[in-house]
Amino acid sequence: MRLSEIRQLTRSLSTWRQAVANGRLDVKDFSQSLTDYLAKLQAKTQAYITILPENKIRQQIEAAIKADKPLLGWPVSMKDVFITKEIKTTAGAAVLKDYLPSYSSTVYQRLVSAGGSLVAKTNCDAWGFGGSTENSDFYSSKNPYDLERVPGGSSGGSAVSVASGAVGFDIGEDTGGSIRQPAAFCGVIGFKPTYGSISRYGAIAFSSSLDTIGLFGRQIEDVIEVFNLVKGVDGFDATVYPSQTPTKITSSQQLTKIKIGYLPELFEGVDPQIKDYFDKLKVFYESELKAEFIEIKLPHFSYGLAVYYILAPAEASSNLGRYDGVRFGQGRQFFGDEAIRRVLLGTFALASGYYDAYYLKALKVRRLIYQDFIKAFNQVESILLPVTLGQAFKLGQNTQDPIKMYLEDSFTIPISLAGLPAISFPVGLSDQGLPLGLQFAGRHFNESTLAGLVKVWQSFSKFNQKYPNHVD
Amino acid sequence: MVAIDDQLLDYLLNLAKIPKSKLNDNKRKKLQTDLSGILNHIDRLNQVKTDKVDILVRPYDLSNIGHNDEVKPSLRLNQYLKKRLHKGYFQISQLIDKDKDETI
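Being a predicted model, the structure only gives us computed values, none of them experimental.

Trainee: What is the right way to look at the overall build of chain B in this model?
Mentor: Looking only at helices and strands, chain B features three helices and two strands. Tracing chain B from N to C terminus, the helices and strands come up as α-α-β-β-α. The 104 residues of chain B split such that 26% are buried. Pairs at least 24 residues apart make up 52% of the contacts formed inside chain B by residues separated by at least 6 positions. Taken as a whole, chain B presents about 8,100 Å² of accessible surface, with 48% of it coming from carbon and sulfur.

Trainee: So what exactly am I meant to see when it comes to a nonpolar patch on the surface here?
Mentor: A contiguous nonpolar patch, built from B:Leu77, B:Phe90 and B:Ile92 and spanning about 280 Å² of accessible area, is present on the exposed surface. You can see B:Phe90 is positioned in strand E2 (residues 89-90).

Trainee: How should I be thinking about the sheet that holds strand E5 (residues 189-192) of chain A in this particular structure?
Mentor: All names here are of chain A. If you walk across this open sheet you meet the 11 strands as E1-E3-E2-E4-E6-E5-E10-E11-E9-E7-E8, and the pairing is mixed. Each edge of the sheet is formed by a strand with only one pairing partner; in this case those strands are strand E1 (48-51) and strand E8 (292-295). Averaged over all adjacent pairs, the angle separating strand axes in this sheet is 30°, with direction ignored. Here three bridges tie E5 to strand E6 (residues 212-217), and the two strands are oriented antiparallel to one another. Counted as the bridge partner of Phe-191 is Leu-215 from E6. Where helix H9 (residues 272-288) meets the sheet, it contacts strand E7 (259-262), E8, strand E9 (382-386), strand E10 (422-429) and strand E11 (435-442), and its direction lies at approximately 55° from that of E11. Relative to the sheet, helix H15 (residues 447-461) contacts E5, E7, E9, E10 and E11, its axis offset from that of E10 by approximately 15°.

Trainee: Quick question: what am I supposed to make of empty space enclosed by the protein here?
Mentor: Using a probe with the size of a water molecule, rolled over the atoms, empty space left in the structure can be pinpointed. Residues and elements named next belong to chain A. Under the definition given, this model contains four cavities of 30 Å³ or more. Put simply, the largest cavity is a space of about 70 Å³. Together, Gly-128, Gly-130, Gly-153, Thr-175, Gly-176, Gly-177, Ser-178, Phe-206, Tyr-308, Tyr-309, Arg-342 and Asp-409 line the largest cavity. For the lining of the largest cavity, the residue count by class is three nonpolar, seven polar and two charged.

Trainee: I'm lost on the interface of chain A and chain B in this one. Help?
Mentor: Where interface size is given, it is often the accessible area lost as the parts come together that is meant. Listed per partner, the contact involves 59 residues of chain A and 51 residues of chain B. Between chain A and chain B, a total of about 4,900 Å² is buried, with carbon and sulfur atoms accounting for 69% of that surface. Counting every contact that joins chain A to chain B gives two salt bridges. The partner of B:Asp34 in a salt bridge is A:Arg341, with the nearest N and O atoms 2.9 Å apart. The tally of links from chain A across to chain B stands at 17 residue pairs in polar contact (both at pLDDT 80 or more). Of all the elements in the fold, those that place two or more residues in the side of chain A that touches chain B are helix H10 (304-319), helix H11 (337-350), helix H12 (355-379) and helix H13 (402-407) of chain A. Looking at the side of chain A that touches chain B element by element, the count peaks at 11 residues for H12(A). Considering only residue class, the side of chain A that touches chain B consists of 34 nonpolar, 14 polar and 11 charged.

Trainee: Explanation requested: the packing of aromatic side chains in the structure shown.
Mentor: For any pair of aromatic rings, the description consists of the separation of the ring centres together with the inter-plane angle of the planes. Residues and elements named next belong to chain A. With the rule as written, the count across this model stands at 29 aromatic pairs over all chains. Seen from their ring centres, Tyr-355 and Tyr-359 are 5.3 Å apart, and the 40° between their planes marks the pair as tilted. Note that Tyr-355 and Tyr-359 are positioned in helix H12 at a spacing of four residues, about one turn of the helix. Residue classification places Tyr-359 among the buried residues on the basis of a relative accessible area of 13%. Aromatic side chains Trp-457 and Phe-460 sit 5.8 Å apart centroid to centroid with 40° between the ring planes, which places their arrangement in the tilted category. Pair noted here: Trp-457 and Phe-460 are both in helix H15, with a separation of three residues, about one helical turn. What makes Phe-460 exposed here is its relative accessible area of 51%.

Trainee: How should the packing of H11(A) against H12(A) be read in this particular structure?
Mentor: The angle between the axes and the distance between the axes are what describe a pair of packed helices. Residue and element names in this part refer to chain A. With their axes 6 Å apart at the nearest point, H11 and H12 run at an angle of 105° to one another. Compared by their axis directions, H11 and H12 come out roughly perpendicular. Packed against H11, whose contacting residues are Phe-348, Ala-349 and Leu-350, the element H12 presents Tyr-355, Tyr-358 and Tyr-359 at the interface. When its residues are assigned to classes, the contact of H11 with H12 shows six nonpolar, no polar and no charged.

Trainee: Which parts of the structure should I look at to understand the pattern of salt bridges?
Mentor: When charged atoms on two side chains of opposite charge get close, those side chains can pair. In the structure shown here, the tally under the stated rule is 18 salt bridges over all chains. Close ionic contact of A:Lys282 with A:Glu286 constitutes a salt bridge, the shortest N to O distance being 3.2 Å. Here A:Glu286 and A:Lys282 lie together in helix H9, a separation of four residues that amounts to about one turn. Several salt bridges share partner residues, and in doing so they unite A:Glu338, A:Arg341, A:Arg342, B:Lys30 and B:Asp34 into one network.

Trainee: What exactly am I supposed to notice about the pairing of E10(A) here?
Mentor: Within a regular strand, side chains alternate between the sheet's two faces. Residues and elements named next belong to chain A. Counting buried positions along E10 gives six out of eight residues, so the element sits mostly inside the fold. Sheet topology places E5 next to E10; three bridges connect them, and they run antiparallel. When the sheet's bridge partners are listed, Gly-190 is paired in E10 with Ser-424. In terms of strand pairing, E10 meets E11 through seven bridges, oriented antiparallel. Directly across from Ser-424, in E11, lies its bridge partner Gln-439. Counting the residues that bridge the hairpin from E10 to E11 gives five residues, and of these Gly-433 lies at a positive phi of roughly 80°.

Reading guide: rules and limits
- Residues numbered from 1 in each chain as written.
- Chains lettered and ligands numbered in written order.
- Predicted model: local features only at pLDDT ≥ 70, side-chain atom pairs only at ≥ 80, totals over all residues.
- Heavy atoms only, no water.
- Helix = DSSP H or I, 4+ residues; strand = E, 2+ residues; numbered from the N terminus.
- Buried < 20%, exposed > 50% of the residue type's maximum accessible area, 1.4 Å probe, protein only.
- Contact = heavy atoms within 4.5 Å.
- Areas by Shrake-Rupley, 256 points an atom, 1.4 Å probe, with all protein chains shown as cover.
- Patch = residues over 30% accessible without salt bridge, like charges linked within 9 Å, V, L, I, M, F, W, Y side chains within 5 Å.
- Salt bridge = Lys/Arg side-chain N within 4 Å of Asp/Glu carboxyl O.
- Pairing = 2+ DSSP bridges.
- Axes fitted to C-alpha atoms, helices over the stretch in contact; angles between N-to-C directions.
- 1 Å grid on protein atoms, 1.4 Å probe; cavity = no way out; pocket = protein on both sides within 12 Å on 5 of 7 lines; lining within 4 Å.
- Points joined across faces, edges and corners; volume = space filled by probe spheres on them.
- Nonpolar A, V, L, I, M, F, W, Y, C, P; charged D, E, K, R; others polar.
- Buried area = accessible area lost by both parts, 1.4 Å probe.
- Polar contact = N/O pair within 3.5 Å; in protein donor to acceptor, adjacent residues only side chain to side chain.
- Phe/Tyr/Trp six-rings, centres within 6.5 Å; stacked < 30°, edge-to-face > 60°.
- Parallel < 35°, antiparallel > 145°, perpendicular 65-115°, else oblique.

Treat this as a map of the structure, not an account of what it does.
Written out as structure tokens, the structure reads:
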């Protein structure tokens, strides 16, 4: 089977279903070809930590088709932070390099129940600490649009996996932008639902008040369909919001005259090409939906980064306390440089004498950021804002300067602090041929509106049909 | 502004149970510079007045999850900590009477 045929099958759930229904899917041929492609992709991009053997991939697809499960064995990859029984789970960390879990996470169990076929587990910054995969304790992944550049992070391997067309979708996790930023760098959809949508039972914890499981996908309809299959209460995660209803994509008719907020100051200091795409989209939505763009104020938005780099390390230092070398894998002497930095930063913020001035102060400013958003959503239904400062940066460019690396998350973090849903989506390529993205953020549990807005642009721009050249 | 001096760094390493031997002089110095730089950036929060603001720990309140106290099948001993099992006991690295600097 040729790569174009693999991509045809992973491009959308509907093409996969048609192929199964018509009897056109030769499962053996597909799983062999996919295994070959995964190996080739790994050699070029190092997107994966574990690739499942061909017979396991084939068996999953055959079983799902036989049982007529909703996803009919559609191939999926998962960030390696989700516990998978008897399948190595590392969180990109040397401490867990040989860890074989004895149970499975809820999100993986639901995926299997829905008939998804796990084909690989993807590389990420160790414990989710980073924005480029360069903090993975194993190796850095590479951007499929330019192999000398990062794919973003922390869920970088996941973005590569979807962008290259090896899988239909990927389950990732977004704490401060770990889905949205790599999605923007690799030209795919990065979906971060409202905090508390999907159970994190069995997800290796980084920052408990921020960690949000989400999805990478090629087209928004599939992302929402899978979201509906995996979200909701499981009885094992107290942060899952109890009364969630299925998410439907809001139609373009219902979106007519929608009010979209924007913050002009956010585009100062970012690559001007991102501003150009924003202007293009503004004109597009004004003409397509008669949308009204309204300038809004979020006075505490710029403090998000400082708040995050107290709260997330503080929670991480607590969550990583369990890695004592006894219960899970190897000892703490195997922590990488970034893990040490964050654990010490968090330990500092929680230490007696600094707790009030740092940790409590950050929690108070977090409320102000949250309130700003709530106030803004009285005025508008969605906010359109940048995801990144520019196109994917070069490998090694920011590794010696942690603050420079942290600043890359300036536009994604405040949304995470408020627990809001957001979708990052491709808007076009830079003059160097690299993907650029923007994101819509919305009210809590209003993923429908955001998905509707992305769908209108997807139908026009056909971004779901684009593939990188370097991984053929 | 708080600077991470040698004494504070040792205190934090001790609290976080990260072996000091992991860090050579260069790494220590780099870590001190990085942490001080990050704290310097964080100090901008002092520009925000928060006297009358309540903390926000998470975006919404939680409800506790309870389970009935029922006996259910659980994992067998050999399914736990497979690699650490030795003649029915858990085998771990030596913790007592080891060079203090190595353990904390």
